[in-house]
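What the coordinates show
As a plain string of letters, each chain reads:
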Amino acid sequence: MNKRIATALTLTLLSVMPALAVEHGPAHKTMDEQCAKECEMLVRNCARETDSLQQKIARLRAEIAKGTAVYTADELNRLDSKLKEANLILKNLMENR
């Protein structure tokens, strides 16, 4: 009896696995694309290269200008909030000279 139950459970699990793998495919591809975009923009050799605040602002503006051809609306919103934050920091630094 236990052997039959174990066999039935095994067959059930094996039949479900391909379906789960198919569902995982598009989500995995989306995450890979998002990671590649973030890596392309953000990953740098920080020990040798740092941006000034003005360079960061210019880089963010350039990335935002690429628009929806490269980024999703959510990604553009995140870039815009980073740009606003950088501009605010620059403004505060200029006022406190």
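Predicted, not measured: the structure shown is a model, and the values here were computed from it.

1. Overview of the overall build of the protein
- Counting its secondary structure elements, the protein contains three helices and zero strands.
- Counting all 97 residues of the protein, 12% fall into the buried class.
- In the protein, the share of contacts with a sequence separation of at least 24, taken over all contacts with a separation of at least 6, comes to 50%.
- Taken as a whole, the protein presents about 8000 Å² of accessible surface, with 61% of it coming from carbon and sulfur.

2. Here's the deal with helix α3 (residues 73-95)
- Its 23 residues place the ends of α3 33 Å apart at the C-alpha level, agreeing with the 33 Å of an ideal helix rising 1.5 Å per residue.
- Among the residues of α3, Glu75, Leu76, Leu79, Leu83 and Ala86 are the ones counted as buried.

3. As for the confidence of the model for the protein
- When pLDDT is averaged along the protein, the result is 76, and 56% of the positions lie at 70 or above.
- Mean pLDDT across the elements of the protein bottoms out in helix α1 (residues 2-42) (62) and peaks in helix α2 (residues 53-65) (93).

4. Observations concerning the nonpolar core
- Counting residues in hydrophobic clusters, the biggest one holds seven residues: Ile57, Leu60, Tyr71, Leu76, Leu79, Leu83 and Ala86.
- Of all the secondary structure elements, the ones that give two or more residues to this core are α2 and α3.
- Looking at this core element by element, the count peaks at four residues for α3.
- With near-sequence residues (within four places) excluded, Leu76 lies in contact with Ile64, Gly67, Thr68 and Tyr71.

5. A word on the pattern of salt bridges
- This model, assessed by the stated rule, comprises three salt bridges.
- In this structure, Lys66 engages Glu63 in a salt bridge whose closest nitrogen and oxygen atoms are separated by 3.2 Å.
- For Glu63, a relative accessible area of 12% puts it in the buried group.
- One salt bridge in this structure joins Asp74 and Arg78, with 3.2 Å as the shortest N-O distance. In this pair, Asp74 and Arg78 both sit in helix α3, four residues apart, roughly one turn of the helix.

6. Looking at the packing of α2 against α3
- In contact at an axis separation of 10 Å, α2 and α3 are set at 155 degrees when each is read in the N-to-C sense. Our classification of the angle between α2 and α3 gives roughly antiparallel. By crossing handedness, the relation of α2 to α3 is classed as left-handed. Within the contact between the two elements, α2 uses Leu53, Gln54, Ile57, Leu60, Arg61, Glu63 and Ile64 and α3 uses Leu76, Leu79, Asp80, Lys82, Leu83, Ala86, Asn87, Ile89, Leu90 and Leu93.
- Grouping the constituent residues of the contact of α2 with α3 by class yields 11 nonpolar, two polar and four charged.

7. A word on the side chain of Glu75
- Locating Glu75 in the fold gives a position in helix α3.
- Apart from residues lying up to four places away in sequence, Glu75 is in contact with Gln34, Lys37 and Val70.

Scoring rules and cut-offs
Residues numbered from 1 in each chain as written. Predicted model: local features only at pLDDT ≥ 70, side-chain atom pairs only at ≥ 80, totals over all residues. Heavy atoms only, no water. Helix = DSSP H or I, 4+ residues; strand = E, 2+ residues; numbered from the N terminus. Buried < 20%, exposed > 50% of the residue type's maximum accessible area, 1.4 Å probe, protein only. Contact = heavy atoms within 4.5 Å. Areas by Shrake-Rupley, 256 points an atom, 1.4 Å probe, with all protein chains shown as cover. Expected span 1.5 Å × (residues − 1). pLDDT = per-residue confidence, 0-100. Core = buried A, V, L, I, M, F, W, Y, C linked by side-chain atoms within 4.5 Å. Salt bridge = Lys/Arg side-chain N within 4 Å of Asp/Glu carboxyl O. Axes fitted to C-alpha atoms, helices over the stretch in contact; angles between N-to-C directions. Parallel < 35°, antiparallel > 145°, perpendicular 65-115°, else oblique. Left-handed = near helix turned anticlockwise from the far one by under 90°. Nonpolar A, V, L, I, M, F, W, Y, C, P; charged D, E, K, R; others polar.

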